[in-house]
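# Chain and residue survey
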Amino acid sequence: MRYQELSYWLSTMDDPLTPRPPLGGDADADVVIVGAGYTGLWTAYYLAVADPALRITVLEREIAGFGASGRNGGWCSALFPTSLPALARRHGRDAALRMQRAMQETVREVGRAVAAEGIDCDWQLGGTVVLARSEAQLGRARAEVAEARAHGLDPADLVLLDAAEAAARCTAEGVRGGTYTPHCAVLHPARLVRGLARAVERRGVRIHERTPVTAIRAGAAVTPAGTVRAPVVVRATEGYTPGLPGQRRAVAPVYSLMVATEPLPEEIWARIGLAQRETFSDHRHVIIYGQRTADGRLAFGGRGAPYHFGSRVEPGYDREPRVFAALRRTLGELFPVLGPEVPVSHTWGGPLGVARDWSASVGLDTSTGLAWAGGYVGDGVGTANLAGRTLADLIRGAESDLTSLPWVGHRSPRWEPEPVRWLAVNAGLKVMFSADRAELRTGRPSRRAALCNRFLGH
Ligand SMILES: Cc1cc2nc3c(=O)[nH]c(=O)nc-3n(C[C@H](O)[C@H](O)[C@H](O)COP(=O)(O)OP(=O)(O)OC[C@H]3O[C@@H](n4cnc5c(N)ncnc54)[C@H](O)[C@@H]3O)c2cc1C
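This write-up is about the structure you can find in this document.

### As for the environment of Q104
Mapped onto the fold, Q104 is located in helix α3 (residues 93-116). Distance from Q104 to D157, taken between C-alpha atoms, is 9.0 Å for residues 53 residues apart in sequence. Those residues in contact with Q104, other than ones at most four positions away along the chain, are A78, L153, D157 and H183. Within the local environment of Q104, its side chain forms a polar contact with the side chain of H183, the two groups lying 3.5 Å apart.

Next comes the structure, spelled out in structure tokens:
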């Protein structure tokens with residue numbers, strides 16, 4: 001496999017992406033981690049920092065950064081998939097606010113860690129601007145700010161922008177306003193994950209690549225080449241989790257796809273803005289996201305690719321010409337300055353993990369030593385760092401501010417069996433797409449989309 005072809009990011013690495021040696025046979029460790037994405041590697045990192053004597057082994061089916069961590073949009077944000085009101089309903093207002101503050105602190109912690117480890121990943125703390133381009137979107141922007149205030153966040157966390165303020169950050173077509181938060185950094189995702197792999201190796205962690213784990217059980221991660229025995233086994237496989245025995249309905253792998261333009265000339269950037277490399281989106285239902293890369297491209301993505309029956313994950317699903325064409329069209333609508341032929345040079349995609357109740361979770365079952373983190377619903381760049389720090393505390397038995405956060409130990413319900421799961425996820429996507437189209441036409445918010453959101457639980 002040519003790993004460079006998996007994303008624009010992996011194609012722009014100095015590193016040849018040569019796989020590390022696979023596991024050679026049975027082995028022992030104190031902690032074995034399955035999956036070398038952000039979750040697995042941050043967990044290894046904070047464990048190794050806290051206790052350099054720990055014997056930590058990471059097993060990865062392909063190479064570090066093969067999964068979503070080497071392919072994402074590079075928003076290291078404080079977004080948490082469960083909304084503040086939903087968290088407050090379940091756990092109380094204080095716990096919800098603590099979770100939100102922990103996420104904000106996580107954005108800064110990733111910045112500190114990459115600086116400390118010398119990971120050159122084009123990190124820039126420019127915040128996020130989310131545009132409102134219809135009356136309905138403006139209504140959602142206002143509601144989001146009101147909700148944030150009601151739950152204890154202040155203008156230093158999130159502000160409403162009028163049309164001029166929003167356009168001053170990002171001049172897209174038809175901007176009527178928006179929201180801005182400073183709690184997001186932009187980065188080169190693959191450089192982060194590959195740099196992290198090297199950072200943990202420097203601290204004595206063993207990484208075996210091209211080593212598929214065929215079963216996880218108490219005390220062991222089993223591979224065709226041998227079994228790694230360890231009192232703690234961490235599952236860090238996110239969108240790929242349904243491929244493990246007994247995990248078919250744990251998360252739904254939902255695909256997000258991206259395109260990148262050729263580097264754009266300065267005069268185009270002068271018209272678009274994003275001068276602080278703010279990440280950007282708008283308040284539509286079907287999520288879109290973008291960043292201005294350090295080499296002057298627009299990297300732009302969105303959900304909307306179909307969910308595949310039986311939670312299947314296959315390389316071919318990363319590439320949906322229909323979705324790439326839609327992303328290109330959307331970029332052209334947002335930024336007519338790009339011209340009728342938006343100059344796209346790269347297209348790619350990958351799966352992310354969605355839990356049935358839209359809740360990310362992290363935990364360790366102390367009776368079995370089985371630990372997990374994931375279900376980030378596409379907000380994993382920051383959240384995986386918080387998961388890694390939290391798992392490091394849980395595994396070492398250290399009680400901390402992190403181990404009492406409300407997502408710790410949360411168990412999401414399983415997804416419905418097929419064909420219900422396939423019907424529900426794909427019907428939900430259809431409703432959201434048609435709601436976005438109708439809202440742009442009529443300006444009125446869609447009631448069907450609100451109902452669908454309620455069914456999906458967020
Ligand atoms: C296109 C796209 C855009 C995104 N944009 C953003 C964004 O801008 N901001 C944001 O916060 N989030 C974003 N996300 C989500 C984010 O990338 C993920 O939440 C995050 O990378 C998850 O990290 P992870 O380590 O848990 O999982 P992954 O990075 O998916 O890593 C899991 C690893 O486990 C390995 N693995 C799986 N099964 C096995 C097995 N049986 N044996 C051994 N190894 C195995 C895989 O090969 C993989 O390397 C995006 C995701 C995608 C796909």
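Still more to cover.
### Here's the deal with the sheet that holds strand β10 (residues 215-217)
Taken in spatial order, the four strands of this open sheet run β1-β12-β11-β10, and their pairing is mixed. Looking at which strands have only one partner, the edges of the open sheet turn out to be β1 (27-28) and β10. Here β1 runs beside strand β12 (residues 226-229); their pairing, made up of two bridges, is parallel. Bridging from a neighbouring strand, D28 pairs with R229 of β12.

### Re the pairing of strand β20 (residues 370-374)
For β20, a buried count of four out of five residues is recorded, marking the element as mostly surrounded by other parts of the structure. Bridging between strand β19 (residues 361-365) and β20 involves five bridges; their strand directions are antiparallel. Bridging from a neighbouring strand, D365 pairs with L370 of β20. In this structure, the hairpin formed by β19 and β20 is closed by a connection of four residues, where G369 is found at a positive phi of approximately 80°.

About the thresholds
- Residues numbered from 1 in each chain as written.
- Predicted model: local features only at pLDDT ≥ 70, side-chain atom pairs only at ≥ 80, totals over all residues.
- Heavy atoms only, no water.
- Helix = DSSP H or I, 4+ residues; strand = E, 2+ residues; numbered from the N terminus.
- Contact = heavy atoms within 4.5 Å.
- Polar contact = N/O pair within 3.5 Å; in protein donor to acceptor, adjacent residues only side chain to side chain.
- Pairing = 2+ DSSP bridges.
- Buried < 20%, exposed > 50% of the residue type's maximum accessible area, 1.4 Å probe, protein only.

All quantities given are derived from atomic positions and should not be read as evidence of function.
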